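Listed here are the chains, written in short residue letters.
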Amino acid sequence: MFSRCRNPVDVAFLVDSSGSLGKEGFHKQKDFIKAVTQTLDVSYSQSRAAVITYSDRASVAIKFSDYNHYEEFNIALEALPYRGKTTRIDKAIVKASRELMTREGGRREDIPGVMVIMTDGRQTPDFDVTPLEEAATSLEKLGVTTLVLGIGDLADQKELRKMTARDDDVFLAPSLQRLSSFVRPLSTSICNAAGICTALFSLLLSPSCSFINNIQIFLSVFFYTSCCTA
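Residues numbered from 1 in each chain as written. Predicted model: local features only at pLDDT ≥ 70, side-chain atom pairs only at ≥ 80, totals over all residues. Heavy atoms only, no water.

## A short note on the packing of aromatic side chains
Here is step 1: Using the criterion set out here, one finds one aromatic pair in the structure.
Here is step 2: Here the aromatic rings of Phe 26 and Tyr 82 are separated by 5.7 Å at their centres, their planes lie at 50 degrees, and the arrangement is tilted. Of this pair, Phe 26 sits in helix α1 (residues 22-37) while Tyr 82 sits in the loop between α2 (70-78) and α3 (89-100); the two residues are 56 residues apart in sequence, bridging distant segments of the chain.
Here is step 3: With a relative accessible area of 1%, Phe 26 lands in the buried category. (Phe/Tyr/Trp six-rings, centres within 6.5 Å; stacked < 30°, edge-to-face > 60°. Helix = DSSP H or I, 4+ residues; strand = E, 2+ residues; numbered from the N terminus. Buried < 20%, exposed > 50% of the residue type's maximum accessible area, 1.4 Å probe, protein only.)

## Considerations on the pairing of strand β3 (residues 58-62)
Here is step 1: Bridge count between strand β2 (residues 48-54) and β3: four bridges; the pairing is antiparallel. Across the sheet, Thr 53 pairs through a bridge with Ser 59, a residue of β3.
Here is step 2: Taking the residues that link successive antiparallel strands as the turn, the β2-β3 hairpin has three residues. (Pairing = 2+ DSSP bridges.)

## What to know about the sheet that holds strand β4 (residues 113-119)
Here is step 1: The six strands are arranged β3-β2-β1-β4-β5-β6 in an open sheet whose pairing can be described as mixed. Of all the strands in the sheet, the pair left with one neighbour each is β3 and β6 (170-173). If you compare each strand with its neighbour and ignore which way they point, the axes differ by 20 degrees on average.
Here is step 2: For β4 and strand β5 (residues 144-151), the ladder comprises seven bridges, and the chain directions are parallel. Paired with Met 118 across the two strands is Leu 149, which belongs to β5.
Here is step 3: Taken strand by strand, α1 contacts β1 (10-16), β2, β4 and β5, and its axis lies near 165 degrees from that of β1. (Axes fitted to C-alpha atoms, helices over the stretch in contact; angles between N-to-C directions. Contact = heavy atoms within 4.5 Å.)

## A word on the pairing of β5
Here is step 1: Buried residues dominate β5, accounting for eight of its eight residues.
Here is step 2: Burial of β5 is two-sided: the residues Val 144, Thr 146, Val 148 and Gly 150 facing one way and the residues Thr 145, Leu 147, Leu 149 and Ile 151 facing the other way are all buried.
Here is step 3: Viewed along the sheet, the connection from β4 through helix α4 (residues 132-141) into β5 turns out right-handed.
Here is step 4: Inspection of the sheet shows β5 paired to β6 by four bridges, in the parallel sense. Bridging from a neighbouring strand, Val 148 pairs with Val 170 of β6. (Right-handed = clockwise from strand over helix to strand, strands pointing away.)

## Remarks on α4
Here is step 1: Within the span of α4, buried status applies to Leu 132, Ala 135, Ala 136 and Leu 139. The buried residues of α4 occupy an angular sector of 95 degrees when projected down its axis, which confines them to one face. Away from its buried face, by an angle of more than 90 degrees, α4 presents the exposed residues Glu 134 and Lys 141.
Here is step 2: Elements in contact with the buried residues of α4: α3, β4, β5 and α5 (157-161). (Arc of directions from axis to C-beta.)

Below, the structure written as structure tokens:
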């Protein structure tokens, strides 16, 4: 059984509510988020979770400051409506950088920020689309570690990689039925990011974790055991 993260973290989940994944996919993503957040100590002083849902547009559904308990968060998560339209991942990322991964969105300045993007991997090519790598740059500037979970056989690893700093931050679930098998590896990556950033914050007294992306690969081995246990 995977144990809880030792270090607090603010985790935002971007949930694909498009027609390509369907209602079943939307609900399975909710179940996945519940399983992942169970590994966090969701409370006022520990970890917090937030959610953006997206299809043809993106909406902040749950802010970090909305719920201080795992049970309350789950109830709010379960109530989120399905939209079933196009897939605008870029709008979700922009919404997160402007309205969620900020003080206004409830994110704490002294706590590591991690964003988990869940998608079937195909962005709808609308006329006003923002390239994914361009949209993701704003999150790097905020010191946010981005993890991407592609769902289904249409997920394009090269496309998903545009949103992350490292190859290891991309996860590919071949089907909705296999989604649950990625709870542990993704939870470990969240804990890993939180542990590294917390340790460096304490050592260097930095006001943010924006420097993590450049040195995470080198330091992850040394700080891994401080952030989570198997």
